[in-house]
Amino acid sequence: MLIRLIGPVEVERSGEFRPVRPPQVALMLAALAWDVGRVVPVESIFYRVWGAEISSGARGSLHTVITRLRREVLAGEGAVIRRLGGYLLDVEESAVDVVRFRTLTEQAMTAPDPVPLLDEALGLWRGDPLTGVSGEWAERVRHRLRDERKEAMLSWARSVTRRDAMTAVAGLSSLVEEYPLDELVAAALIEALHSSGRSAEALAHFARVRRTLADELGVEPGAALQRLHRSLLRSAEVGVPSSRVPAQLPVGLRHFVGRAVELGRLTETCEQPATAAVCAISGPPGVGKSSLALHWAHLHRGRFPDGQLYADLGTVYPEAVIHRFLGALGVKESEMPSDVDAQIGLYRSMLAGRRVLVVLDDARDSAQVRPLLAAGPGSATLITSRSELPGLAVAEGALLVRLGDLPGEDAHHLLVARLGEARLAAEPEAAARIIEQCERLPLALAIVAAQLAQRTDLSLAEVAADLSRVGADLEPFAHSDPAIDLRRVFGRSYQDLSAPAQRLFRLMSLHPGPVCPCPPRLAWPRCPWTRRGGSPRSSTAPTWSSSARPAA
């Protein structure tokens, strides 16, 4: 059985559709199906079916209408159950088309290809919701579901435009007639027209929307639509194809464990469709900042149908990144602006109105990433840095996520994922020593796990014994690949310090423990910032792991 509210109120059995009559019974079914599986209070039922002004006759009719619903409509394939204070419709939630519609649109938000799910969801629409029934509550339901359909249509259009812009134009044309003053709908049609090679029509539609807004509301188009217009003009001048969709994310970590809290914070920040999110992940070297960012990015890439851009800022200058991003977005080398500021302006214009994810790895400071931030509504920028980047929180409202060493249980799961449960269970004490000797640092644990996976003849106890003899040179963590050589990873942070801060770090290594018991200004009287009354902390001061103690 399928209860259909999106269109005339009907019940489907074995492929046959039966309209629900009279209107009071149809409204009663809708009132209970709207909250299927939950108790609807009696007063809410009265309001939904009979309106705010409830007559004495309505109260007497409640039992009669519910009885007809049970016998004539549900006919044994569902039940209306009397519960304390109200009534409950007892059928499978998926038997209500509104629930199916919402489930499909929610699944589409995170699906790699949302189009099939959105096609199925939109296919449930057979007309205006609750057709043929009237009342204040019914009208509110209609408005709400129309808005939900509009959002689903826009999501569908963004995805379809990339592969078949003409189909998107056809679907959006009718939506524009329903919402002539909606700028998001107008922007979607303009983008689809331009992507299908009909740029002149796209510009003409912008002009029509501008006139309609001025005539009906006395206002100019909003900032986002005007940015899209400027981007369209600029694209028309240089011949930039707007349908290019970059997918630049590197391969994610196969054995990612832990960080559930941090993943949840990133998701909560990035799921706001009306704003562009900025998230900066900071922490000491080797703590897993890049792994966290890429793991989240791969999990949620379906939220960003217009593409994903990636850059390792530790190896290139921002100017080169802008140039590379523009190329990924479709700008030909011969048409690339020569001025860096013009490139930044073009980059921002091309991202306006698009939902993209930008991942900026190993950033040095806030100034390095600001020109690269995605600003379109629903877009997100993930940044990793050894510095905390508080400037982004102040100026851009960024979420700052500070990573520390893995909790002991997660560190154990990391080794299990790479070596297997049996090998750790055979030597639990040695496994625990390895975790602590690696300071629960993900990169150090991964290096040791890789060595153990390669050398199955080595026992965990042997490796734990070797690690206990590790000196300041960190020799067991050396590797020919500089990206995973723990000495070079820590050394990068040291090299980024100023000369006085480097000297301070060397002096700190003389102390036998990870915590200095005396105030720094008393401990280092010869340091130049102490004599000048300054501070050793710079605006990009890196964070350190307690395991990083170079020799003086």
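Residues numbered from 1 in each chain as written. Predicted model: local features only at pLDDT ≥ 70, side-chain atom pairs only at ≥ 80, totals over all residues. Heavy atoms only, no water.

### Description of the environment of Leu 29
Okay, step 1: Mapping Leu 29 onto the fold places it in helix α1 (residues 23-33).
Okay, step 2: Since its relative accessible area comes to 0%, Leu 29 is described here as buried.
Okay, step 3: Remark: the alpha-carbon pair of Leu 29 and Val 73, spanning 44 residues in sequence, is separated by 8.7 Å. (Helix = DSSP H or I, 4+ residues; strand = E, 2+ residues; numbered from the N terminus. Buried < 20%, exposed > 50% of the residue type's maximum accessible area, 1.4 Å probe, protein only.)

### Describing the pattern of salt bridges
Okay, step 1: Summed over the entire model, instances satisfying the criterion amount to 21 salt bridges.
Okay, step 2: Two residues, Glu 77 and Arg 13, come together in a salt bridge whose shortest N-O distance is 2.8 Å. Here Arg 13 lies in strand β2 (residues 10-13) and Glu 77 lies in the loop between α3 (56-74) and β5 (79-83), a separation of 64 residues in the sequence.
Okay, step 3: Overall, the relative accessible area of 42% leaves Glu 77 in the partly exposed class.
Okay, step 4: In this structure Arg 13 comes out as buried when scored by relative accessible area, which is 15%.
Okay, step 5: Here Glu 139 makes a salt bridge to Arg 146, at a shortest N to O gap of 3.8 Å. (Salt bridge = Lys/Arg side-chain N within 4 Å of Asp/Glu carboxyl O.)

### Considerations on the packing of helix α17 (residues 408-419) against helix α20 (residues 442-454)
Okay, step 1: Running from N to C, α17 and α20 point in directions that differ by 30°, and their axes come no closer than 10 Å. In this view, α17 runs roughly parallel relative to α20, as classed from their interaxial angle. Crossing angle aside, the handedness with which α17 passes α20 is right-handed. Across the interface between the two elements, Ala 411, Leu 414, Leu 415, Arg 418 and Leu 419 from α17 touch Pro 442, Leu 445, Ala 446, Ala 449, Leu 452 and Ala 453 from α20.
Okay, step 2: Partitioning the contact of α17 with α20 into residue classes produces 10 nonpolar, no polar and one charged. (Axes fitted to C-alpha atoms, helices over the stretch in contact; angles between N-to-C directions. Parallel < 35°, antiparallel > 145°, perpendicular 65-115°, else oblique. Left-handed = near helix turned anticlockwise from the far one by under 90°. Contact = heavy atoms within 4.5 Å. Nonpolar A, V, L, I, M, F, W, Y, C, P; charged D, E, K, R; others polar.)

### Describing the packing of α1 against helix α2 (residues 42-50)
Okay, step 1: One way to put it is that α1 packs onto α2 with a least axis distance of 9 Å and a crossing angle of 135°. In this view, α1 runs oblique relative to α2, as classed from their interaxial angle. In terms of crossing hand, the pair formed by α1 and α2 is right-handed. Here α1 contributes Gln 24, Leu 27, Met 28, Ala 31 and Leu 32 to the contact with α2, which in turn contributes Ile 45, Arg 48, Val 49 and Trp 50.

### Some details on the nonpolar core
Okay, step 1: Leu 5, Met 28, Leu 29, Leu 32, Leu 62, Leu 89 and Leu 130 are the most contacted members of the largest nonpolar core, which totals 80 residues.
Okay, step 2: Looking at which element gives the most residues to this core, the answer is helix α6 (residues 136-163), with 10 residues.
Okay, step 3: Here Leu 29 is in contact with Ile 3, Val 9, Val 11, Val 20, Leu 69, Val 73 and Leu 89, once residues within four sequence places are set aside.
Okay, step 4: Counting 46 residues, the second-largest nonpolar core is a separate cluster that includes Leu 263, Ala 293, Trp 296 and Val 463. (Core = buried A, V, L, I, M, F, W, Y, C linked by side-chain atoms within 4.5 Å.)

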